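# Examination of the molecular architecture
Listed below, chain by chain, are the residues.
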Amino acid sequence: MIDGVPPIPARELPVAVRAPGKCIVFGEHAVVHGAPELVFAIDLHTQVIVRASSELRLNADREATSRNPYFRSALELSWKDRPPIDVRAVSRIPRSAGLGSSAALVASLAAAFGAATGGIDRPTLAQRSFEIERGAQGVGSAGDTTAVVGGGFLAVNGGAGTPLWTVSGPDRTWDVRRVPDPGWVWVVAHSGIPRSTGDAVRAVARRLEAPDGPELLHEFSRVAAEGIRAVGAGDRRTVAELLGRNHELLREVGVSHPRLEELLKAAAPAAEGAKLTGAGAGGSIVVLPVPGKETELVRRLARAGALPFVVRPDPTGVELVEPAHPD
Ligand code: PMV
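Just so it is clear, the structure is predicted and the values come from calculations on it, not from any experiment.

## Description of the overall build of the chain
In terms of helices and strands, the chain carries 10 helices and 12 strands. Expected size for 327 residues packed as a compact globule is a radius of gyration near 20 Å; at 19 Å, the chain falls within 12% of this value. Each principal axis of the C-alpha atoms in the chain carries an extent, and together these give about 55 × 40 × 35 Å. Across the 327 residues in the chain, those meeting the buried criterion constitute 55%. Sequence separation of at least 24 residues holds for 75% of the intrachain contacts in the chain that already meet a minimum separation of 6. Accessible surface computed for the chain: about 13100 Å², of which carbon and sulfur atoms make up 50%.

Below, the structure written as structure tokens:
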């Protein structure tokens, strides 16, 4: 077992699994290009139950393999040439919101299939979940899937914490380390504006090819590296400042959105620091509340038309739910 991240044990079907969503605190987009990222697993979950069945179905849909690229990719990479299954997935994580709904589905499926085929250790599960997500999305880093598999706070390509694993992609690797949880409450809020992660990642990649691209990437890296250190040290004031700086950089590379700017403005009187989180261009913001003003913050965000959640880190990451079959 690695640093409190136990393997997923072998189980016969039916298998039930739950996986957290994720919130990127520093370094989204830049992480795709090898820069550091800080991400934590959030206590909003997706739960998946996989049963033996006479036909292949996801949430009663027999056409799901053509409709859901994540399901298709998961089947191709970890349930190939195996008997048909019936999969039920329920989730509290809003979709296309930058809060990890696809990573949670992918990691749940990979963990359930891993359990049903002799068990799977976390580093392998992190690698496989990344490959499934990448297979469906075509672009992206290992950050989201690794957060959902590892739980807690994780530094990707940075930090001085305990090394957990390395995920390999076609053109780079992501080194993952544990960062201690400072024990703070966070608020995330979904703007309600859906967007495509792949499109946003490709647009930022093009922006980073401009003459000032290397300088911007360097500043993204500096902010994330400082942010990882500050979160690990429980230095709230520095974290709050860096959240603002990271948001400016994300605005500079074109992934903010007028609605996100409005939400950040609405949050400001109850926020120590805030930024967009995830791919941007819609999606969500993350806010470090002024202590004691969490309720005011949630009220402000809801009045501004967002869907807010008070979140804490999920320390465990994807896990089996037992018994799979209470009935
Ligand atoms: O918005 P999401 O949940 O798709 O997060 C994407 C994070 C990016 O850094 C923009 C892409 C990636 O794969 O790391």
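## Brief notes about the domain arrangement of the chain
In many analyses, interface size is given as the accessible surface area lost on bringing the parts together. The domains assigned to the chain are domain 1 (15–181 + 314–320) and domain 2 (186–311). One C-alpha centre belongs to domain 1, the other to domain 2, and the line joining them spans 22 Å. Between domain 1 and domain 2, roughly 2800 Å² of surface is buried when both sides are summed, and carbon and sulfur atoms account for 74% of that area. At the boundary of domain 1 and domain 2, one finds one salt bridge. When the shortest N-O distance is used, the salt bridge between lysine 275 and glutamate 28 registers 2.8 Å. Residue assignment for the side of domain 1 that touches domain 2 shows that the elements contributing at least two residues are strand 1 (15–26), strand 2 (37–52) and strand 5 (153–156).

## A closer look at the site of the ligand
Neighbouring the ligand are 15 residues, the closest being Lys22, Ser141, Arg195, Thr197 and Ala279. A distance of 2.3 Å separates an oxygen atom of the ligand from a polar side-chain atom of arginine 195. Note that an oxygen atom of the ligand is positioned 2.6 Å from one of the side-chain N or O atoms of threonine 197. Considered on its own, the ligand offers 380 Å² of accessible surface; in the complex 97% of this is hidden by protein. Going through the elements one at a time, strand 1 and helix 6 (197–207) are the ones with two or more residues in the shell around the ligand. Residue-level mapping places the shell around the ligand at the junction of two domains, with at least three residues from each of domain 1 (15–181 + 314–320) and domain 2 (186–311).

## Some details on the environment of threonine 277
Within the secondary structure layout, threonine 277 lies in strand 9 (residues 271–277). Judged by its relative accessible area of 1%, threonine 277 is buried. Between the C-alpha atoms of threonine 277 and glutamate 215, which are 62 residues apart in sequence, the distance is 21 Å. Apart from the residues lying within four places of it in its own chain, the contact partners of threonine 277 are Cys23, Ile24, Glu28, Gly98, Leu99, Ser284, Ile285 and Val286. At a separation of 2.7 Å, a polar atom in the side chain of threonine 277 contacts the main-chain carbonyl oxygen of isoleucine 24.

## Description of the nonpolar core
Phe26, Trp186, Val239, Val287 and Leu301 are the most contacted members of the largest nonpolar core, which totals 107 residues. By residue number, the principal contributor to this core is helix 3 (residues 101–116), which donates 11 residues. Here this core spans two domains, since at least three of its residues come from each of domain 1 (15–181 + 314–320) and domain 2 (186–311). When sequence neighbours within four positions are dropped, the list of residues in contact with tryptophan 186 reads Val25, Phe40, Phe153, Val239, Leu243, Val286, Val287, Leu288, Pro289, Phe309, Val310 and Val311.

What counts, and at which threshold
- Residues numbered from 1 in each chain as written.
- Predicted model: local features only at pLDDT ≥ 70, side-chain atom pairs only at ≥ 80, totals over all residues.
- Heavy atoms only, no water.
- Helix = DSSP H or I, 4+ residues; strand = E, 2+ residues; numbered from the N terminus.
- Rg over C-alpha atoms; globule rule 2.2 N^0.38 Å.
- Buried < 20%, exposed > 50% of the residue type's maximum accessible area, 1.4 Å probe, protein only.
- Contact = heavy atoms within 4.5 Å.
- Areas by Shrake-Rupley, 256 points an atom, 1.4 Å probe, with all protein chains shown as cover.
- Domains from an automatic or database assignment.
- Buried area = accessible area lost by both parts, 1.4 Å probe.
- Salt bridge = Lys/Arg side-chain N within 4 Å of Asp/Glu carboxyl O.
- Near = heavy atom within 4 Å.
- Polar contact = N/O pair within 3.5 Å; in protein donor to acceptor, adjacent residues only side chain to side chain.
- Core = buried A, V, L, I, M, F, W, Y, C linked by side-chain atoms within 4.5 Å.

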